[in-house]
Amino acid sequence: MTCVLVGASFIATACRNARAGEADTAQRTGTHDTTLTSAPNAPANAVALPPGNDNAQGSGEWTMPGRDFGGSRYSPLTDINVSNVKNLKVATTFSTSVLHGHEGQPLVIGSTMYVVTPFPNLLYSIDLTKPGGALNWVYAPNPDPRSVGIACCDIINRGAVYADGKIIYNTLDAQTVAVDAKSGKEVWRTRVGDISIGETMTGAPLVVKNAVIVGDAGAELGVRGYAEALDLGTGKPLWKAYNTGSDADALIGAEFKPFYAKDRGKDLGITTWPKDQWKLGGGTVWGWISYDPELNLLFYATANPGVWNPDLRPGDNKWSITLWARDPATGHAKWAYQFVAHDAWDYDEIMENIPVDMPVNGQMRKLLIHPGRDGFVYTFDRATGEILNANMYQPTNWAKGIDLKTGAPIEVPEKRTHEGVVTKDICPSSTGAKDQQPSAFSPRTGLLYVPAHNVCMDYEGVEANYIAGTPYLGASVKMFPGPGGYRGDLVAWDPVHGRATCDVKEDLPLWSGVLATAGDVVFYGTMDGWFKAIDARSCAPLWQFKTGSGIVGNPIAYRGPDGKEYVAVYSGIGGWMGAVAFPDISLDDPYTALGVAGAVPDLKKKSGMGGTLYVFSF
């Protein structure tokens, strides 16, 4: 068995063994309703985002990756609403001059828009006062081109954050840069990771007070995951919290109070691993970071353990696939929850964690919503880490549910994977019931809008040998569409009652983020290039427009200098699953691209590469 890099970009071709037979029809325990339903029991409006969540930004701006500290992706603008969204038209477009997956979102500060591209990570400043948007300047960080061949899963970038007059973002070669928002001059640059050992950076930073919070990527190359805080003014490191290793390395001390007994103990980041395997243990931080100003807690979750073959790393493998709550000033851990111990499916959990305040059993509770890759949406008490509910939102059969007393999943033993054994028909696949594409939450409806996948897989653990800076995978995976005749699903989810209220089935897996607005409109895109608007309460379709490439980016809403509301989104297929559309990716082998080729063999016919910003208005 061999693992190789495909082309110049990203994905290790899945390590293939010969097999006989196709997937059995296995019992699925998912209970998802495949029909549209109304939302008669949607929560009332006694719902709020945490105090201070919006920072000081104007209602028409978009200064953070998820618009606010919580990453709600909720815009308070109302000009575009359910009654008039049908009249939306293209206002302007902007070519980024870069192909590959455009997974992030622009920022809008005052009358300027900022766009970050995939590698080579150009930063554009666009003057919104000029017709069509004139270019103010472009900043080129010139990242090390070796990172193109090292990065897993395309050469994407998930965007920037604005603070203290600077645009701050990560480059693929594991640096963080701060650029003066007015002049385009570099203010500081800090090397965070080492690409020679496989560390890259694709996530968007978040700024909390004077700290820029970033994290590494590369769990498929045997790196050791961490989150790091940099000084906003200088870029100098403030603290670093590893996700494997000793309690001291993980910044676990006396104030660490995990809710569940399974997450308590000394030096679990070492003792739950075979000797020295924790040093190659993954658990990276390439997804979304959020913050609750009221509780002063930073939230993020970690990636899969290394390697994918679970038999090579017996033990719980902490702190992979773990949700952390930390003090943003010191990095010290307050609580943690490991979603899946000893992962056997690549159920990476770097997804968004959105803080909201909602009534539960008659009392306002401080909730944290996590739509999981493992097929469950979790609603936590964010002050303590207690799970209030956790229910399936897509066909899921590796576990029957989550035990709310212990916090552990109720696993289906025959779906646990092993070396030399092809475990068939596991749902969801390694791409999850959703991947990194972020959900949106509307305080008007009390609903979370989740861009979901319905893809299953066959999985076999295989031998793996570590060579620094090369794929360290240890699994052979083949994916295929899940049950029900659909592969994508926009789900409106009630986090208090733990159930879907309505949904929209899609042919292809949804790989775009979601925007919810105070006009009660929800926007999202599809991998074949449709940009859509639906009713936030009923999920009824309201409008759609066909862009030039597949949409894997995240829509935003903003108010322009002319006083009008605009909606913007990138069109540019790519990312892990979207890269199947690239001309140099062969479809002859269903194991290609870590197995996703088998899930979307038709994608190449439905979308081509692109790199364009679309802006819509009346």
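Residues numbered from 1 in each chain as written. Predicted model: local features only at pLDDT ≥ 70, side-chain atom pairs only at ≥ 80, totals over all residues. Heavy atoms only, no water.

Caption draft 1: Expanded view of the overall build of the protein. Scanning the protein from N- to C-terminus turns up 4 helices and 38 strands. When the backbone C-alpha atoms are referred to their principal axes, the protein occupies close to 60 × 55 × 50 Å. Residues classed as buried in the protein amount to 67% of the 618 residues present. Across the protein, the fraction of contacts at a sequence separation of at least 24, relative to all contacts at a separation of at least 6, is 64%. With the model as given, the accessible surface of the protein reaches about 19000 Å², and the carbon-plus-sulfur share is 53%. Where the 52 positive side-chain charges of the protein centre and where its 64 negative ones centre are 2 Å apart. (Helix = DSSP H or I, 4+ residues; strand = E, 2+ residues; numbered from the N terminus. Buried < 20%, exposed > 50% of the residue type's maximum accessible area, 1.4 Å probe, protein only. Contact = heavy atoms within 4.5 Å. Areas by Shrake-Rupley, 256 points an atom, 1.4 Å probe, with all protein chains shown as cover. Lys, Arg positive; Asp, Glu negative; His and termini not counted. Charge placed at Lys NZ, Arg CZ, Asp CG, Glu CD.)

Caption draft 2: Layout of the side chain of arginine 313. Position of arginine 313 relative to the elements: it lies in the loop between strand 16 (297-301) and strand 17 (322-326). There is a polar contact of 2.5 Å between the side chain of arginine 313 and the backbone oxygen of valine 307. Sequence-distant contacts of arginine 313, defined by excluding residues within four places in its chain, comprise Trp273, Pro274, Gln277, Pro305, Gly306, Val307, Trp308, His342 and Asp343. (Polar contact = N/O pair within 3.5 Å; in protein donor to acceptor, adjacent residues only side chain to side chain.)

Caption draft 3: Just the packing of aromatic side chains, in detail. Following the criterion strictly, the structure yields 33 aromatic pairs and no others. Ring centres of phenylalanine 299 and tryptophan 335 lie 6.1 Å apart, and the angle between their planes is 50°; this geometry places the pair in the tilted category. Of this pair, phenylalanine 299 sits in strand 16 while tryptophan 335 sits in strand 18 (residues 333-338), and the two are 36 residues apart along the sequence. Accessibility assignment for this pair places phenylalanine 299 and tryptophan 335 in one class, buried. (Phe/Tyr/Trp six-rings, centres within 6.5 Å; stacked < 30°, edge-to-face > 60°.)

Caption draft 4: Structural detail: the sheet that holds strand 1 (residues 74-75). With mixed pairing, the 5 strands of this open sheet are ordered in space as 1-32-33-34-35. Of all the strands in the sheet, just strand 1 and strand 35 (541-546) have a single pairing partner and so form its edges. (Pairing = 2+ DSSP bridges.)

Caption draft 5: Local environment of the layout of surface pockets. Its volume calculated, the largest pocket comes out at about 300 Å³. Mapped by element, the contributors of at least two residues to the lining of the largest pocket are strand 2 (89-95), strand 5 (123-127) and strand 38 (612-617). Here the lining of the largest pocket takes 4 residues from strand 2, the largest share from any one element. Considering only residue class, the lining of the largest pocket consists of 11 nonpolar, 6 polar and 3 charged. (1 Å grid on protein atoms, 1.4 Å probe; cavity = no way out; pocket = protein on both sides within 12 Å on 5 of 7 lines; lining within 4 Å. Points joined across faces, edges and corners; volume = space filled by probe spheres on them. Nonpolar A, V, L, I, M, F, W, Y, C, P; charged D, E, K, R; others polar.)

Caption draft 6: Looking closely at the nonpolar core. Residues Tyr337, Phe339 and Tyr378 are the most contacted members of the largest nonpolar core, which totals 53 residues. Setting aside chain neighbours within four positions, we find tyrosine 378 in contact with Tyr337, Phe339, Leu368, Ile369, His370, Ile387, Asn389, Ala390 and Ile402. Counting 45 residues, the second-largest nonpolar core is a separate cluster that includes Leu122, Ala557, Tyr614 and Phe616. (Core = buried A, V, L, I, M, F, W, Y, C linked by side-chain atoms within 4.5 Å.)

Caption draft 7: Spatial organisation of the pairing of strand 18. Counting buried positions along strand 18 gives 5 out of 6 residues, so the element sits mostly inside the fold. Where strand 17 meets strand 18, 5 bridges bridge the pair, whose relative direction is antiparallel. Bridged to threonine 322 within strand 18 is glutamine 338. Between strand 17 and strand 18, which follow one another and run antiparallel, lie 6 residues, and glycine 331 among them has a positive phi close to 80°.

Caption draft 8: Expanded view of the pattern of salt bridges. In this structure the tally under the stated criterion is 34 salt bridges. For lysine 166, the salt bridge is made with aspartate 164, and the minimal N-O distance between the two is 2.5 Å. On the basis of relative accessible area, lysine 166 is assigned to the buried category, the value being 7%. One salt bridge in this structure joins aspartate 602 and arginine 487, with 2.7 Å as the shortest N-O distance. Highlighted residues: aspartate 602 in the loop between helix 3 (575-578) and helix 4 (603-606) and arginine 487 in the loop between strand 29 (475-481) and strand 30 (488-494), separated in sequence by 115 residues. By the burial criterion, aspartate 602 is buried, and arginine 487 matches it. Overlapping salt bridges, with partners in common, bring together Asp292, Glu294, Asp357, Lys366 and Arg382 in one network. (Salt bridge = Lys/Arg side-chain N within 4 Å of Asp/Glu carboxyl O.)

Caption draft 9: Structural view of the sheet that holds strand 11 (residues 206-208). The sheet built from 4 strands is open, its strands ordered 11-12-13-14 with antiparallel pairing. Each edge of the open sheet carries a strand with a single partner, namely strand 11 and strand 14 (237-242). With direction set aside, neighbouring strand axes in the sheet form an average angle of 25°. As paired strands, strand 11 and strand 12 (residues 211-215) are joined by 3 bridges and run antiparallel to one another. Bridge pairing in strand 12 places leucine 206 opposite isoleucine 213. (Axes fitted to C-alpha atoms, helices over the stretch in contact; angles between N-to-C directions.)

Caption draft 10: Structural view of the confidence of the model for the protein. Averaged over all residues, the pLDDT of the protein equals 92, while 92% of them reach at least 70. Confidence drops under pLDDT 50 across residues 1-44; counting only partners more than four residues distant or on other chains, this segment forms 128 contacts. (pLDDT = per-residue confidence, 0-100.)

Caption draft 11: Looking closely at the environment of arginine 146. Among the structural elements, arginine 146 can be located in helix 1 (residues 146-150). A polar contact is formed between the side chain of arginine 146 and the side chain of aspartate 144, at a distance of 2.8 Å.

Caption draft 12: How the structure looks around empty space enclosed by the protein. Scanning the entire structure with this criterion turns up 4 cavities of 30 Å³ or more. Along the wall of the largest cavity there are 28 residues; nearest its centre are Cys152, Cys153, Arg158, Glu220 and Trp286. Per-class residue counts for the lining of the largest cavity are 13 nonpolar, 7 polar and 8 charged. Every residue lining the second largest cavity is counted, 18 residues in all, and those nearest its centre are Gly66, Gly71, Arg73, Trp288 and Ile289. The residue makeup of the lining of the second largest cavity, split by class, is 10 nonpolar, 5 polar and 3 charged.

Caption draft 13: Here's a closer look at the state of the cysteines. Within the structure shown, the criterion is met by 3 disulfides. In this model, cysteine 427 is linked to cysteine 456 through a disulfide, with the two sulfur atoms separated by 2.1 Å. Looking along the S-S bond of the cysteine 427-cysteine 456 disulfide, the torsion reads about 105°, which is the right-handed sense. Separated by 29 residues along the polypeptide, cysteine 427 in the loop between strand 25 (423-426) and strand 26 (440-442) and cysteine 456 in strand 28 (residues 455-461) bring together distant segments of the chain. Exposure remark for cysteine 427: the relative accessible area of 0% places this residue in the buried category. Shown here is the disulfide that connects cysteine 502 with cysteine 539, its sulfur atoms set 2.1 Å apart. The sign of the S-S torsion, about 70°, decides the handedness of the disulfide formed by cysteine 502 and cysteine 539: right-handed. Remark: cysteine 539 occurs in the loop between strand 34 (530-535) and strand 35 and cysteine 502 occurs in strand 31 (residues 499-506); sequence separation between them is 37 residues. For cysteine 502, a relative accessible area of 1% puts it in the buried group. Owing to a relative accessible area of 1%, cysteine 539 belongs among the buried residues under this scheme. (Disulfide = S-S within 2.5 Å.)

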